[in-house]
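Architecture at a glance
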Amino acid sequence: MTSEAATAAIPALRSDQLFVNLGPQHPSTHGVLRVGLTIEGEVIVKAVPDIGYLHRGTEKLAEARGYHHCVVLTDRWDYVASMPNNLVFCLAAEKLLGVKATPRADALRVMMCELNRIASHLLFVGTYGIDIGAFTPFLYAFREREMILDLFEMVCGARLTYNYIRLGGVMVDVTPEWTAKLKEFLEYFKPKIDEYDQLLSYNPIFMARTQGVGLITAAEAVSWSLSGPNLRGSGVVYDARKADPYCGYENYDFDVVVGKEGSCWDRYFCRVTEMRQSVRIVEQVLAKLPEGPVMAAGVAKIPKPAPGEAYAHVEAARGDLGVHLVSDGGVSPFRMHVRAPSFLNLAILQEKLVGMKISDVIALLGSTDIVLGEVDR
Amino acid sequence: MTQDELLAKMQKKFPKAAKTAVQVKDYLTVSLPSKDDLIPVAAWLKKEGFDYLDMLTAVDYLGPVDMKGYIRQANFNVFLPEGAAPQAESAAVAGYAYRPVLELVWAFVSMKDKARIFVKLEVPRDAARAPSLSGLFKSADWQEREVFDLFGVVYDGHPNLTKILTPDFLQGHPLRKDYVHIKDRYDE
Amino acid sequence: MGMILEKLPGITKGMPGGDLILTTADALIDLGRKQSLWPMTFGLACCAIEMMGSYAARFDFDRMGVIPRASPRQADVMIVAGTVCKKMAEPILEIYHQMPEPRFVISMGSCANCGGPYYDSYSVLKGVDRIIPVDVYIAGCPPRPEALQYAFVKLQEKVAKMSLKRGLATPQQEKGSRDLTA
């Protein structure tokens, strides 16, 4: 009997499938995500993401709160980058109210959102390093992140949940000391991005773990409605700042960063390069910061917009964040729907994880850069 | 492509698709006469370059939200005397046409043309059914599950229409306007 | 600890018996216990980002003997950092019971204390103390890293008062556990 025949003769020479429960408490799921993995040996045969562990019912709560109160709720969707959340709700509500923010408020909004994008991507660089096994970038990235949080704290008093962008403008104007400190930070920060490249981006171990792993083609990315760096990492040029400009983004000169093949490394590197672009935008805003008031006149204490519908979307740190508001003329939104980029970016996992090695799960999961507050809302 | 051109092009193919009375501000909004038109319209839009399903949601137009859906004291104003009449916080707005329908909303984006179109379909509240777009757009999968979970809209042809956000023991569909919260073991 | 090691040899040198120290077992155990409170890396929501900030370079939690552990089996403290949703209540209980005794709980932020901005939500648990006993509450939305560090200082004060005589009962069990399954 040949050896092949011997193997064929044993009917049950097949490893059993094993169910591995990843989360909801797992240091690398970035929150309370649970993924039910069925593995055969090292290979995943089925992956079922289970979300809702942070479902706080924001959309329902908004229906019993005033428009100004809803801005507070928006802070807590994507708590790593709250400024774009404030902004997108305010843009939608301003469309309903027929209010337009002042030029200086628009410039400040752009500046804060871009600074917050840098802070958010820094957190990603740090935590993705930890996911892959490099602890040091976390310490460096948080060092710079704390400086941005200091700037935010100086201007609005909060480190994480800002409630800075309000209906009709922003909360307060920035002071000359603040702009001086921001310039100082930008000069400090620019060479640091090259440092991250040396430390992590071109680290051979990191590249081996992430390049060619978790490939998402452009067609898949579009079909799954990915957005932000996840979409651009696959080579699709789409950025809400260019496609549907808001707050005067059309006046600033910046590039849309795209990746080549849609691997984990491409998505990672898109974010690192986006930080450079954000610095460019902040510098341009600083150079031509218009004078004037920061709050538009005519925003009521209790706004009651005329019945209607509005949709606004911005390019948040994680992708295309949208808010669909319906007003019946009352003091609260009749309906608020959040088009959460993390929610859609996460959905692709159930398909992409199948066939991957179990050691690559965290590499792919980390590279999508989800925030569970936004996934579950 | 301007909004009017897109609408004309669409009405040439689907004469029954009409511009809605209430437009989503700044974007073209069309309503579909029946749910049978949804799949052909979506397939046509996908062919025309609107291959990015941006958003999928629903709106319940029954009336003002029922405050029993929130876990609140009826009167949380501590300055009022004891036994004061509960302050209604959510009141019907006079003159607004509330109606017992669920309006389903889809938003399609054409990345090439940088255009966006909203498609709407009204379904009755008690028999909320619509065809699933998950065969055309993969991203419809989770979004339809979300609408099913929060509104109770059944999407025919969805491969795995189960709860996604709310816990298993939660009864009802929280985002419906008449949702009343039933106390569970975690509420005192 | 460093101060003790530096100064003690000088004091004990002249004593009969040399470097023999007489102390109560409680004092010794509590000293060790309070200087190495290891929390579990367990983030729920926004507060978890501030918790990560505390571990990072600027706030440097390591100098207080606080080193995050990924497994509940190795942890002493559970920092409930963020909104506890009803769906998450069951896993939190499970994790709490996986931790070895004595175990402590810090409720970080308004959401974990009482529901916070989600006080009227249908899916949020109004305070983690409805399912597990809590030792220290921190107010704030989210609390600053300094507030979290202050909570650890307060927890250390609490641990320093623990006594072997009363068995392995932790302070929070003395005041009556509201644990659903215990």
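About the criteria used
Residues numbered from 1 in each chain as written. Chains lettered and ligands numbered in written order. Predicted model: local features only at pLDDT ≥ 70, side-chain atom pairs only at ≥ 80, totals over all residues. Heavy atoms only, no water. Helix = DSSP H or I, 4+ residues; strand = E, 2+ residues; numbered from the N terminus. Rg over C-alpha atoms; globule rule 2.2 N^0.38 Å. Contact = heavy atoms within 4.5 Å. Areas by Shrake-Rupley, 256 points an atom, 1.4 Å probe, with all protein chains shown as cover. Lys, Arg positive; Asp, Glu negative; His and termini not counted. Charge placed at Lys NZ, Arg CZ, Asp CG, Glu CD. Phe/Tyr/Trp six-rings, centres within 6.5 Å; stacked < 30°, edge-to-face > 60°. Buried < 20%, exposed > 50% of the residue type's maximum accessible area, 1.4 Å probe, protein only. pLDDT = per-residue confidence, 0-100. Pairing = 2+ DSSP bridges. Right-handed = clockwise from strand over helix to strand, strands pointing away.

**Remarks on the overall build of chain A**
When its secondary structure is counted, chain A shows 16 helices and eight strands. Computed over C-alpha atoms, the radius of gyration of chain A comes to 22 Å, within 12% of the 21 Å expected from 2.2 N^0.38 for 377 residues, which places it in the range of a compact globule. Looking at chain A alone, contacts between residues at least 24 apart form 73% of all its contacts between residues at least 6 apart. Carbon and sulfur atoms make up 58% of the accessible area of chain A, which totals about 11,900 Å². Measuring between centres, the 38 positive side-chain charges of chain A sit 3 Å from its 44 negative side-chain charges.

**Re the packing of aromatic side chains**
Scanning the entire structure with this criterion turns up 30 aromatic pairs over all chains. Considering the side-chain rings of Phe-206 of chain A and Tyr-268 of chain A, the 4.8 Å spacing of their centres and the 65 degrees angle between planes classify their relative orientation as edge-to-face. Residue Phe-206 of chain A is located in helix H8 (residues 204-210), and its partner Tyr-268 of chain A is located in helix H12 (residues 264-287); the two are separated by 62 residues in the primary sequence. Judged by its relative accessible area of 2%, Phe-206 of chain A falls in the buried class. Between Tyr-96 of chain B and Tyr-98 of chain B, the ring centres sit 5.1 Å apart and the planes meet at 65 degrees, which makes this aromatic pair edge-to-face. For Tyr-98 of chain B, a relative accessible area of 21% corresponds to the partly exposed category. Of the aromatic side chains, those joined through ring pairs into one cluster are Phe-124, Tyr-128, Phe-206 and Tyr-268 of chain A.

**Brief notes about the confidence of the model for chain B**
This prediction gives chain B a mean pLDDT of 85; 99% of its residues lie at or above 70. Both scores are given for the predicted complex: the pTM is 0.87, the ipTM 0.88.

**Here we look at the pairing of strand S3 (residues 104-108) of chain C**
All names here are of chain C. In terms of residue burial, S3 counts as a mostly covered element, since five of its five residues are buried. Burial of S3 is two-sided: the residues Phe-104, Ile-106 and Met-108 facing one way and the residues Val-105 and Ser-107 facing the other way are all buried. Relative to S3, strand S2 (residues 77-81) is paired through five bridges, and the arrangement is parallel. Within S3, the position partnered with Met-78 by the bridge is Val-105. For the crossover that starts at S2, traverses helix H4 (residues 86-98) and ends in the parallel S3, the hand is right-handed. With three bridges joining them, S3 and strand S4 (residues 136-138) adopt parallel strand pairing.

**Here's the deal with the pairing of strand S2 (residues 34-40) of chain A**
Residue and element names in this part refer to chain A. With five of its seven residues buried, S2 lies for the most part within the structure. Relative to S2, strand S1 (residues 18-22) runs antiparallel, the two sharing five bridges. Following the sheet pairing, Val-20 is matched in S2 by Leu-37. Relative to strand S3 (residues 43-50), S2 is paired through seven bridges, and the arrangement is antiparallel. Looking across to S3, one finds that Gly-36 is bridged to Val-48. Adjacent in sequence and paired antiparallel, S2 and S3 are bridged by two residues, among which Gly-41 carries a positive phi angle near 65 degrees.

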